[in-house]
Amino acid sequence: MKPRKSVKTQARSLASRQAVIDAVIELISNHGFSSATTANIARQAGVSWGVLQYHFGGKREIFQAVLGSANPALFKEIEDIPLDASDPEELIAIAIDKLWEYNSSPTFRAAMEILLNHAHLDDDFYGFALGTYRELLKFFRKLFRACGSQLSRSEEAALAEFVISTLRGMAVHNAMFPQHELTYKAQRKLLSEAVLGKLQRD
């Protein structure tokens, strides 16, 4: 039986893993996907290639670990949204703000770059993307029902897809052409009005 690691050793091991994940996020979000070579990752994280192999095995597993850190960051943004609030307009605005905050983060940008480069080639990466998407659809269905939705299940799914796609497109556009806060507020208003108009149709 292998001896158990000391608390100090475990903490050091977790810190090394996190440093690698953070390095990948920083490299991709600042310099693009191609910058995330094993040499650059090790250099950015301040570890050796041997440490990378010990903790992850290879670059594919490193990317999977980055994706694994993305969902908790996403769901942390939406889990505290007060779905029992009585004002649909406020609820929609809060949800859009929370998702925009995540979609504007380096973690989201790195995760999207990884998925765009791997999801079409690798079932595990595609499965991760699909699982995240399904969880977002569930969240929006709960959100729409909390806002008094009378839409069918398929209509709610289509509306959720519209919001998700719009926010992701806004995030990509913002990465290329950073927006003023007032610009985002104007876009949020348009998006909120579109969602509420669909939910509150006669």
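The shown structure was predicted, so the numbers you read here are calculated from the model rather than taken from an experiment. (Residues numbered from 1 in each chain as written. Predicted model: local features only at pLDDT ≥ 70, side-chain atom pairs only at ≥ 80, totals over all residues. Heavy atoms only, no water.)

Moving on, we come to helix 6 (residues 106-118). With 13 residues, helix 6 extends 18 Å between its outermost C-alpha atoms, agreeing within 8% with the 18 Å of an ideal straight helix rising 1.5 Å per residue. The complete set of buried residues in helix 6 reads Thr107, Phe108, Ala110, Ala111, Ile114, Leu115 and His118. For helix 6, the angular spread of buried residues about the axis comes to 165°, placing them on one side. (Helix = DSSP H or I, 4+ residues; strand = E, 2+ residues; numbered from the N terminus. Expected span 1.5 Å × (residues − 1). Buried < 20%, exposed > 50% of the residue type's maximum accessible area, 1.4 Å probe, protein only. Arc of directions from axis to C-beta.)

Okay, the environment of Thr37 next. With respect to the helices, strands and loops of the structure, Thr37 is situated in the loop between helix 1 (7-31) and helix 2 (38-45). Judged by its relative accessible area of 31%, Thr37 is partly exposed. Counting along the chain gives 13 residues from Thr37 to Val24, while the straight-line C-alpha distance between them is 8.9 Å.

Time to look at the pattern of salt bridges. Applying the stated criterion across every chain yields a total of six salt bridges. Linking Glu193 and Lys189 is a salt bridge whose minimum nitrogen-to-oxygen distance equals 2.6 Å. Of this pair, Glu193 and Lys189 both sit in helix 9 (residues 181-199), separated by four residues, roughly a single helical turn. Classification of Glu193 as partly exposed rests on a relative accessible area of 42%. The class of Lys189 is exposed, set by a relative accessible area of 52%. (Salt bridge = Lys/Arg side-chain N within 4 Å of Asp/Glu carboxyl O.)

What follows is about the packing of helix 5 (residues 88-103) against helix 8 (residues 153-176). Between helix 5 and helix 8, whose axes approach to 9 Å, the crossing angle comes to 45°. In this view, helix 5 runs oblique relative to helix 8, as classed from their interaxial angle. Relative to helix 8, the crossing made by helix 5 is right-handed. Between helix 5 and helix 8, the residues in contact are Ile96, Leu99, Trp100 and Asn103 and Leu167, Arg168, Met170, Ala171 and Asn174, respectively. Its residues assigned to classes, the contact of helix 5 with helix 8 shows six nonpolar, two polar and one charged. (Axes fitted to C-alpha atoms, helices over the stretch in contact; angles between N-to-C directions. Parallel < 35°, antiparallel > 145°, perpendicular 65-115°, else oblique. Left-handed = near helix turned anticlockwise from the far one by under 90°. Contact = heavy atoms within 4.5 Å. Nonpolar A, V, L, I, M, F, W, Y, C, P; charged D, E, K, R; others polar.)

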